[in-house]
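Now for the letters of each chain:
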Amino acid sequence: MTETPSRALPARARVVVIGGGVGGTSVAYHLALAGERDVVLVDRSELTSGSTFHSAGLVGQLRSDPTLTAMNRYSVELYRSLQLGENPPGWVECGSIRLASTQERWEEIQRQDGWAASSGLEMSLISAAEAQELFPLMTTDGVVGACFLPTDGQVDPSQLTYSLAAGARAMGVAIHTHTRVLGIDTEGDGLRRRVTRVRTDKGDIECELVVDCGGMFAAEIARMVDVRVPIVPMSHQYVVTEAMFEHRETPLPSLRDPDNLVYYRQEVDGLVMGGYERQSLPWTASASSYDRIPADFNGRLLQPDHDRFIEISENAAIRVPSIADVGIRSFINGPEGFTPDNEFCLGPTDVGGFFVAAGYCAHGIAGAGGIGKVMAEWVLEGAPPMDLWHMDVRRFGGSYRSPSYTLARTVENYESYYDIRYPAHERKAGRPLRTSPAYAWHAEHGAAFGEKSGWERVNHYESNSVVDDEAWRPRGWAGRHWSPAVVPEHRAAREAAAIFDESSFAKIEVSGPDAARLMQWVCDNDVARGAGTVTYTQALNAGGGIECDFTVTQLDAQLFLVVTGTAFANHDASWLRTQARAIDADVRIADVTGAWACFGLWGPKARDIVAALTPQDLGNDAFPFLAMRETTVGDVPVRMVRVTFVGELGWELYCPTEYGATLWRTLWDAGRPHGLVAGGYRAIDSLRLEKGYRVWGADIDPGHTPYEAGLGFCVRLDKPGGFLGREALVAQKEAGVAQRLVCLVLDDRSQVALGNEPVRLVDSAGEPGAVVSRVTSGGLGYSLGVSIAFAYLPVEHAVAGTRLDVGIFGEWVGATVTKDPLYDPKSERVRA
Ligand SMILES: Cc1cc2nc3c(=O)[nH]c(=O)nc-3n(C[C@H](O)[C@H](O)[C@H](O)COP(=O)(O)OP(=O)(O)OC[C@H]3O[C@@H](n4cnc5c(N)ncnc54)[C@H](O)[C@@H]3O)c2cc1C
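1. Description of the site of the ligand
Within the structure, the ligand sits among 38 residues, and Asp43, Ser51, Thr52, Glu336 and Ala366 are positioned closest to it. Interatomic distance of 2.9 Å between a backbone N/O atom of Gly23 and an oxygen atom of the ligand. Between the ligand and the protein, one listed contact pairs a nitrogen atom with a side-chain N or O atom of Ser55 at 3.3 Å. Taken by itself the ligand offers 1000 Å² of open surface, and the protein chains cover 98% of this. At the level of elements, helix H1 (22-33), strand S13 (232-241), strand S17 (328-338) and helix H8 (364-381) are the ones that each hand at least two residues to the shell around the ligand. For the shell around the ligand, the residue count by class is 15 nonpolar, 19 polar and 4 charged.

What follows is the structure, given as structure tokens:
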């Protein structure tokens, strides 16, 4: 089907969608479905002429992230319903099998079975023989077990795109092919900069909103407005075989054998077979330049790269021996946009009205339905319907402006695509990049570093390992990257003092005449209480969902410092900018993360340690909890902030970065006689679990309100002028919450929940009931000697004493809802 290019391009439209692949047509379709009919979609060539036309068309739903699973489930529902319409997309609900050809993979599949249960996705564990019954061409050699997802399927990617385009057009969307975007105009500076016009070779379109659905070209399009989208075009290959079997009444399920790096699906009487090579090949991007995709690369493929495919072909014949005896009908080598962390790039950017929906990492067909749906809501309502942080284009820090860093991280991800990702596994590419001023000290003292947003952060110090603490090692996967060093690091914070390098904390300065107005509007707590005050708060969306969770220090009447998680600098700054734009606030929002080192010193001895180093009165009257004082510690000028994420007396000490190494040494030397221990992030996580502190992105997210999350103590409904999300909270308070985040203690301390495990009810007789939730985060509490997990439960079950089961690697472990927090519920130690 060819679109007629002769119709005149509209001079204006509310929304312009750039790109007529499966992504762009789905976004246009869902915008129209949501009621926005003033939409123009443009493509520089034919529809489906980017990556879409050469896709293998497999549609799998299960992902480790429940949000993505929900999106893919929606895709299946959509494709199923389109199949019944006038423009069927060739949807075949053939099911899919995933094999475990190693014991470790079998454990992974059991874990995934838990994810499926908590996502409500139909999946069953099957034996090797049962898998072979469903897919007779395979051998069972070495197969430990498998899983079967009956509602997975396959679709014709081009037909799907045309089906979505037809639906969009029927609802009023104008589709203009052979219309190349040459530029995008913006007006305004800084926060007020926003898109005004899309310039094409067929004329200009004035618009309010642009959605960049350019696939592997999306980075090039985003550069037109100086936005960096780290997408690398990578060569991706599969073959279509000659006939391998007689006609079948029921289609073969697709088959994935990740241990052999291969997948198969039926294509008429042959197979499509492809995989992820260990030796990848980026296309057109290099370490010193961004993608340079030729201007005429449309509807085209790359030359087959037989050498690079040998490993995949040989592995394919191990699992399906007959494939070695048939010829190849076609060899497809097509480029596709991959990202550095294998997640999509979705959502708004710092240019008002400019959205991205691209970088689908060879999952665009499976994802397109869900992507279109969430993007339509994001574009029209300003917020997505669910927590999409993993896919939010703003998650990438400044380092991804570097083509070499982006390339190294993308290649690493591609080549390890089918590897088992053990919890706490650390990546290697592009390290070390961002280091604290105390980095050398940490390395000398045996630090095991983890990486987050390019920062090297101490997970633990090997030098703190105590062999006796091996008894704490969790069973299974949770024990793989666990270190006994965490136990003494945790205990030191509770019993004496521990020091943690938190220099990677993201720090955002909000300044200007409207700084207080903005912060009060954005935050649910009262954050403008005068210079030197510190406030823990959330920033909510209009529905009351938690968009950000951070601490705000007021430095003076027009200056606030927001401190948030390492990975959230861009996200939170972007949220603040969006709200500043919405209320036309005269502010400057600057990421000052690198300007300040930050060390957390906590424990009952913390005051004694610092007292000898500072002229500042550290008593509760002069320096209460949630206060900031500018002073000196040793020879170093510091801002001391009395907060805690571990539930003990102490401070975060901030100093200009160049003083950082000296401040660390000063605190260390002063602390040693008091039993000070240097600790890492694993100990912090354990300490915060005991104290019930929530982590944004895991325990709290845009889909949950402060009332549901147990953070109602932050909400100031009576704050003059109100705040964003207030009306939703008022309504929820009146109606009562339907669910609440609770703390669970597992019966067996050696079993540790890693997140996303299903939680099911148990009746008074101990009989299991329905799966009602999933674990948001979990881990060991070394002071209390328990395995802890958080989960949202329907309110009727969210009461202390309720018995539940948590599904951990196929085993149901008993658990009890407990009071929250478990540790120091009156916060006496924090205020000591
Ligand atoms: C070999 C291979 C196998 C795959 N197999 C699967 C699979 O089994 N399952 C699965 O889910 N996914 C698979 N994928 C991935 C899937 O094909 C992609 O994720 C998806 O097609 C991307 O769609 P898109 O709309 O984002 O991009 P595209 O299809 O590339 O569309 C982008 C469009 O933007 C247009 N454009 C670019 N620049 C401009 C401009 N300046 N002006 C106007 N228009 C512009 C292009 O012409 C293009 O049509 C596979 C990919 C490959 C390469």
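2. Focus: the pairing of strand S21 (residues 455-461)
The buried fraction of S21 amounts to 7 of the 7 residues, a majority that puts the element mostly inside the structure. Bridging between strand S20 (residues 447-452) and S21 involves 6 bridges; their strand directions are antiparallel. Within S21, the position partnered with Phe449 by the bridge is Val458. Hairpin remark: S20 followed by S21, antiparallel, with 2 residues in the connecting loop; positive phi at Ser453, about 50°.

3. Examining the packing of aromatic side chains
Tallied over the entire structure, the rule returns 27 aromatic pairs. Here the aromatic rings of Tyr422 and Trp477 are separated by 4.7 Å at their centres, their planes lie at 70°, and the arrangement is edge-to-face. Residue Tyr422 is found in the loop between helix H9 (403-415) and helix H10 (439-444), and its partner Trp477 is found in the loop between S21 and helix H11 (486-495); the two are separated by 55 residues along the sequence. Residue Tyr422 is classed as buried on the basis of its relative accessible area, which comes to 15%. Judged by its relative accessible area of 3%, Trp477 is buried. Arranged with centres 4.9 Å apart and planes meeting at 70°, the rings of Trp472 and Tyr782 form a pair that is edge-to-face. In this pair, Trp472 is assigned in the loop between S21 and H11 and Tyr782 in the loop between strand S35 (768-781) and strand S36 (786-794), connecting sequence segments 310 residues apart. Put simply, the rings of Tyr276, Phe338, Tyr414, Tyr417 and Tyr418 pair up and form one aromatic cluster. The residue whose ring lies beneath Arg694 is Phe790, and the NZ or CZ to ring-centre distance is 5.5 Å. Across the ring face of Trp812, the terminal group of Arg760 is positioned such that the distance to the ring centre comes to 3.9 Å.

4. Observations regarding the confidence of the model for the protein chain
Across the protein chain, the average pLDDT comes to 96, with 99% of residues at 70 or higher. Contacts of residues 1-5 to residues separated by more than four positions or lying in other chains number 10 contacts, the stretch itself having pLDDT below 50.

5. Thoughts on the packing of helix H2 (residues 66-83) against helix H5 (residues 157-170)
One can describe the packing of H2 onto H5 by two numbers: an axis separation of 11 Å at closest approach and a directional angle of 80°. Here H5 runs roughly perpendicular to H2, going by the angle between their axes. Contacts from Leu78, Tyr79 and Leu82 of H2 reach H5 at Leu160, Ser163 and Leu164. Grouping the amino acids of the contact of H2 with H5 by side-chain chemistry returns 5 nonpolar, 1 polar and no charged.

6. Remarks on the sheet that holds S35
If you walk around this closed barrel you meet the 6 strands as S33-S36-S35-S34-S37-S38, and the pairing is antiparallel. Sheet twist, expressed as the mean angle between neighbouring strand axes with direction ignored, is 45°. Sheet analysis places S35 next to S36, joined by 6 bridges and oriented antiparallel. Paired with Gly779 across the bridge in S36 is Ile788. Here helix H16 (residues 681-691) sits on the sheet in contact with S35 and S36, set at roughly 130° to S35.

7. Here's the deal with the sheet that holds strand S24 (residues 534-540)
Strands sit in the order S24-S25-S26-S23-S27 across an open sheet of 5 strands; the sheet is antiparallel. The open sheet has two edge strands with one neighbour each: S24 and strand S27 (588-591). The mean inter-strand angle of the sheet, taken between neighbouring strand axes irrespective of direction, is 30°. Looking at chain direction, strand S25 (residues 546-556) and strand S26 (residues 559-564) are connected through 5 bridges and run antiparallel. Within the sheet, the bridge partner assigned to Gln554 lies in S26 and is Phe560.

8. Some points on the side chain of Arg760
With respect to the helices and strands, the residue Arg760 is situated in strand S34 (residues 758-762). For Arg760, a relative accessible area of 16% gives the class buried. Setting aside residues no more than four positions away along its own chain, Arg760 makes contact with Pro768, Gly769, Ala770, Val771, Val772, Leu804, Asp805 and Trp812.

9. Things to note about the pattern of salt bridges
Taken as a whole and assessed by the stated rule, the structure comprises 42 salt bridges. Of the charged contacts, one joins Arg803 and Asp747 as a salt bridge, the two residues approaching to 2.6 Å between their closest N and O atoms. One end of the pair, Arg803, is in strand S37 (residues 803-808); the other, Asp747, is in the loop between strand S33 (739-746) and S34, and 56 residues separate them in sequence. Owing to a relative accessible area of 35%, Arg803 belongs among the partly exposed residues under this scheme. Residues participating in the shared-partner salt-bridge network are Arg12, Arg14, Glu36, Asp38 and Glu208.

10. Concerning H5
For an α-helix the count is 3.6 residues per turn, leaving residues at separations of three or four pointing the same way. Relative to the 20 Å expected for 14 residues at 1.5 Å per residue, H5 spans 20 Å between its end C-alpha atoms, a close match to the ideal helical length. For H5, the tally of buried residues reaches 11 of 14 residues, placing the bulk of the element in the interior. Buried within H5 are the following residues: Pro157, Ser158, Leu160, Thr161, Tyr162, Ser163, Leu164, Ala165, Ala166, Gly167 and Ala168. If you follow the buried residues of H5, they end up packed against H1, H2, strand S8 (174-176) and H8. For H5, the capping residue at the N-terminal end is Asp156, with a side-chain oxygen 3.0 Å from the backbone nitrogen of Ser158.

11. Structural notes on the environment of Tyr405
Looking at where Tyr405 falls in the secondary structure, it is placed in helix H9. Tyr405 sits 49 residues away from Gly454 along the chain, and the two C-alpha atoms are 9.7 Å apart. In this structure, Tyr405 is in contact with Ser399, Tyr400, Gly430, Leu433, Glu451 and Gly454, ignoring residues within four places of it in sequence.

12. Some details on the packing of H1 against H8
Viewed as axis vectors pointing N to C, H1 and H8 meet at an angle of 40°, and their least axial separation amounts to 8 Å. Taken as axis vectors, H1 and H8 run oblique relative to one another. Crossing angle aside, the handedness with which H1 passes H8 is right-handed. Of H8, the residues touching H1 (which contributes Val22, Ser26, Val27, His30 and Leu31) are Gly364, Ile365, Ala368, Gly369, Gly372, Lys373, Met375, Ala376, Val379 and Leu380. By residue class, the composition of the contact of H1 with H8 is 9 nonpolar, 5 polar and 1 charged.

Rules and cut-offs
- The numbering scheme is per chain: residues are counted from 1 as the chain's sequence reads.
- The predicted origin of the model limits local features to residues at a pLDDT of at least 70 and limits the giving and counting of side-chain atom pairs to 80 or more, whereas totals for whole chains, interfaces and linings rest on all residues.
- Remark: hydrogens and water are excluded; side-chain values derive from all non-hydrogen atoms of the structure.
- We call a residue near a molecule or strand when any one of its heavy atoms sits within 4 Å of it.
- Any pair of nitrogen or oxygen atoms within 3.5 Å is treated as a polar contact; in protein, a donor-acceptor pairing is required on top of that, and neighbouring residues in sequence qualify only through side-chain atoms on both sides.
- Only the protein chains shown count as covering a residue, and every accessible area follows the Shrake-Rupley method with a 1.4 Å probe.
- Numbering of helices and strands runs from the N terminus, with a helix taken as a DSSP run of H or I at least four residues long and a strand as a DSSP run of E at least two residues long.
- Three classes are used, and their members are as follows: Ala, Val, Leu, Ile, Met, Phe, Trp, Tyr, Cys and Pro are nonpolar, Asp, Glu, Lys and Arg are charged, and the others, Gly among them, are polar.
- Buried residues are those whose accessible area, probed at 1.4 Å on protein chains only, stays under 20% of the maximum for their type, while exposed residues exceed 50% and partly exposed ones sit between those limits.
- Note: two strands are recorded as paired if DSSP finds a minimum of 2 bridges between them.
- A pair of aromatic rings is counted whenever rings of Phe, Tyr or Trp (Trp by its six-membered ring) have centres within 6.5 Å, and the orientation is called stacked for planes under 30 degrees apart, edge-to-face for over 60 and tilted otherwise.
- As a reminder, the over-ring test applies to NZ of lysine and CZ of arginine, requiring each to be within 6 Å of the ring centre and within 35 degrees of the ring normal.
- Known as pLDDT, the predictor's per-residue confidence is scaled from 0 to 100.
- Between two residues, a contact is recorded if the distance between any of their heavy atoms is within 4.5 Å.
- Structural elements are reduced to axes, namely lines fitted to C-alpha atoms, with helices fitted over the stretch in contact, and the angle between N-to-C directions of any two is expressed from 0 to 180 degrees.
- The labels follow the angle: roughly parallel below 35 degrees, roughly antiparallel above 145, roughly perpendicular from 65 to 115, and oblique for the rest.
- A side-chain nitrogen of Lys or Arg and a carboxyl oxygen of Asp or Glu constitute a salt bridge if their distance falls within 4 Å.
- To estimate how far a helix should extend, the number of its residues minus one is multiplied by 1.5 Å.
- Should the near helix be turned anticlockwise from the far one by less than a right angle, the crossing is left-handed, and should it be turned clockwise, the crossing is right-handed.

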